[in-house]
Amino acid sequence: DGEVIDLDRLSALSHPGGEAVLKLADGRDATMLYRSTHALAKKEVMSSWLKRCSAGKLASYPELARKLPSHGSFENFSEADSPFALDLRKAARSYFEEQASQRGMSVRQATKAPLWKWLLIVLFWSAYAMCFVKWLQGSYLALIALPWLGSLVTFHVAHDASHGALSTRPWLNELLTYSSFLVGAPHEWYWQHVALHHVWTNIADADPDAKHVRRWVKGNAPLGAMPVVWAIAVPIGLQVLYSYRYVSSRLGLSSEAMGVPPDFTVASLCSLLLQRFILYVLPVWRFGFPYGLLWAAYPAAV
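A few points on the structure.

Cut-off values and rules
- Residues numbered from 1 in each chain as written.
- Predicted model: local features only at pLDDT ≥ 70, side-chain atom pairs only at ≥ 80, totals over all residues.
- Heavy atoms only, no water.
- Helix = DSSP H or I, 4+ residues; strand = E, 2+ residues; numbered from the N terminus.
- Buried < 20%, exposed > 50% of the residue type's maximum accessible area, 1.4 Å probe, protein only.
- Contact = heavy atoms within 4.5 Å.
- Areas by Shrake-Rupley, 256 points an atom, 1.4 Å probe, with all protein chains shown as cover.
- Phe/Tyr/Trp six-rings, centres within 6.5 Å; stacked < 30°, edge-to-face > 60°.
- Salt bridge = Lys/Arg side-chain N within 4 Å of Asp/Glu carboxyl O.
- Patch = residues over 30% accessible without salt bridge, like charges linked within 9 Å, V, L, I, M, F, W, Y side chains within 5 Å.
- Axes fitted to C-alpha atoms, helices over the stretch in contact; angles between N-to-C directions.
- Parallel < 35°, antiparallel > 145°, perpendicular 65-115°, else oblique.
- Nonpolar A, V, L, I, M, F, W, Y, C, P; charged D, E, K, R; others polar.
- Core = buried A, V, L, I, M, F, W, Y, C linked by side-chain atoms within 4.5 Å.
- Left-handed = near helix turned anticlockwise from the far one by under 90°.

Section: the overall build of the protein chain
Regarding its fold elements, the protein chain presents 15 helices and 2 strands. Taken across its 302 residues, the protein chain has 37% of its residues classed as buried. The contacts of the protein chain with a sequence gap of at least 6 include a subset with a gap of at least 24, amounting to 67%. With the model as given, the accessible surface of the protein chain reaches about 16,900 Å², and the carbon-plus-sulfur share is 66%.

Some words on the packing of aromatic side chains
The tally for this structure, following the rule as stated, stands at 7 aromatic pairs. Taking 5.3 Å as the distance between ring centres and 75 degrees as the angle between the ring planes, the aromatic pair formed by Trp125 and Tyr128 counts as edge-to-face. Linking Trp125 with Tyr128, this pair stays in helix α8 (residues 115-136), spanning 3 residues, or about one helical turn. The exposure class assigned to Trp125 is partly exposed, which follows from its relative accessible area of 32%. Owing to a relative accessible area of 8%, Tyr128 belongs among the buried residues under this scheme. A ring pair is formed by Phe287 and Trp295, whose centres lie 5.3 Å apart and whose planes are at 50 degrees; its orientation type is tilted.

Observations concerning unusual backbone geometry
Between Phe289 and the following residue, Pro290, the backbone shows a cis peptide bond with an omega angle of -5 degrees. Along the polypeptide, Pro290 turns up in the loop between α14 (266-287) and α15 (291-301).

Some points on the environment of Leu88
Counting through the fold element by element, Leu88 comes out in helix α6 (residues 83-103). A relative accessible area of 49% places Leu88 in the partly exposed class. Separated by 48 residues in sequence, Leu88 and Leu40 have C-alpha atoms that sit 9.9 Å apart.

Here we look at the pattern of salt bridges
Taken as a whole, this structure holds 4 salt bridges when the rule is applied. We note a salt bridge from Glu97 to Arg93, for which the minimum N-O separation is 3.0 Å. Placement of both Glu97 and Arg93 in helix α6 is noted, with a separation of 4 residues, approximately one turn of the helix. A relative accessible area of 33% places Glu97 in the partly exposed class.

Here's the deal with a nonpolar patch on the surface
Together, Leu274, Phe277, Val281 and Trp285 make up an exposed nonpolar region whose accessible area comes to about 430 Å². Inspection of the secondary structure puts Trp285 in helix α14.

A look at the environment of Tyr34
Along the chain, the position of Tyr34 falls in helix α3 (residues 31-37). Taking the relative accessible area as the measure of exposure, Tyr34 reaches 25% and is therefore partly exposed. With 12 residues separating them in the primary sequence, Tyr34 and Leu22 have C-alpha atoms 10.0 Å apart. Look past the residues within four positions of Tyr34 in its chain and what remains in contact with it is Met46 and Leu50.

Some remarks on the packing of helix α9 (residues 140-162) against helix α11 (residues 186-197)
Where α9 contacts α11, the axes come no closer than 10 Å and their chain directions differ by 75 degrees. Taken together, α9 and α11 sit at an angle that is classed as roughly perpendicular. Each of Ala158, His159 and Ser162 in α9 lies in contact with α11, whose residues at this interface are Trp189, Tyr190, His193 and Val194. The class makeup of the residues in the contact of α9 with α11 is 4 nonpolar, 3 polar and no charged.

Structural notes on the nonpolar core
With 19 residues, the main nonpolar core has Tyr128, Trp135, Leu146, Val157, Leu166 and Leu176 as its most contacted residues. Put simply, the parts of the chain that give this core at least two residues each are α8, α9 and α10 (170-176). Element by element, the count of residues in this core is highest for α9, at 7 residues. Membership of the second largest hydrophobic core comes to 17 residues, among which are Ala30, Val194, Ala195 and Tyr242.

Here's the deal with the packing of α14 against α15
Between α14 and α15, whose axes approach to 7 Å, the crossing angle comes to 155 degrees. By the criterion of interaxial angle, the relationship of α14 to α15 is roughly antiparallel. Taken as a pair, α14 and α15 cross one another with a handedness that is right-handed. Residues Leu279, Tyr280, Pro283, Val284 and Phe287 of α14 form the contact with α15, whose own contacting residues are Tyr291, Gly292, Leu293, Trp295, Ala296 and Ala300. A breakdown of the residues in the contact of α14 with α15 according to their chemical character gives 10 nonpolar, 1 polar and no charged.

Such coordinate-based values are descriptive only and should not be taken to indicate function.
Rendered as structure tokens:
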């Protein structure tokens, strides 16, 4: 919105989302990212925060304006909220205000995971851990169950944590993003899912999820082909192509329409390498050919 925000000041004020989220906005037009992640926040509160962290208008930084990657609008996509979006936001805000009042807590606390959700997370992780051990021991039943339990862990834990939806403690949300079974590395997930997919949902040339589908489905593909498309697109699109695009763009070897992604941490990069080793190298090493390939390919495809 034409305002330059000093992220160091924002960090010093203990930004509720934590450092991982702030990295997504560093060095780019974060207008739409800001709007999507603060959809339920009160505008007057957010305006107060922005004023305290403002470094002035973009017009005062001509060099920055020239280098700034576009990330605030895309083609003919309207930045204005539709009446439906306004009504939905109002209804969601009202719901959490009511929950906060009933449970005797702040609205922010009411938007986080309740006790039953944490118990569900413990249940899923316990089941997944036991299944993983059996998978390493060569159990066919564990092989069948592993991707399903892994998906439950991914979407109930890592996914929600990446949106800051589990805890009011940013460090805990960031830690739990390392539990992703399908993606493996938080730096890629934050960039692809939070900064791009949820900002540009279903905008064909901006949403990476839509790009993956368009890459594999040409023309009018039958609905019955979608499981096959999914089996190919997930391991290749998410775990091969996007890793390549992220690293090559980060190192300046290629350019992305959405700008250069944030730098990855040593911990995040190590988690990516560990995930690839455990799920793809270890089965072949342990069981050899062809069973090792089956043990690696089935969980990735399903």
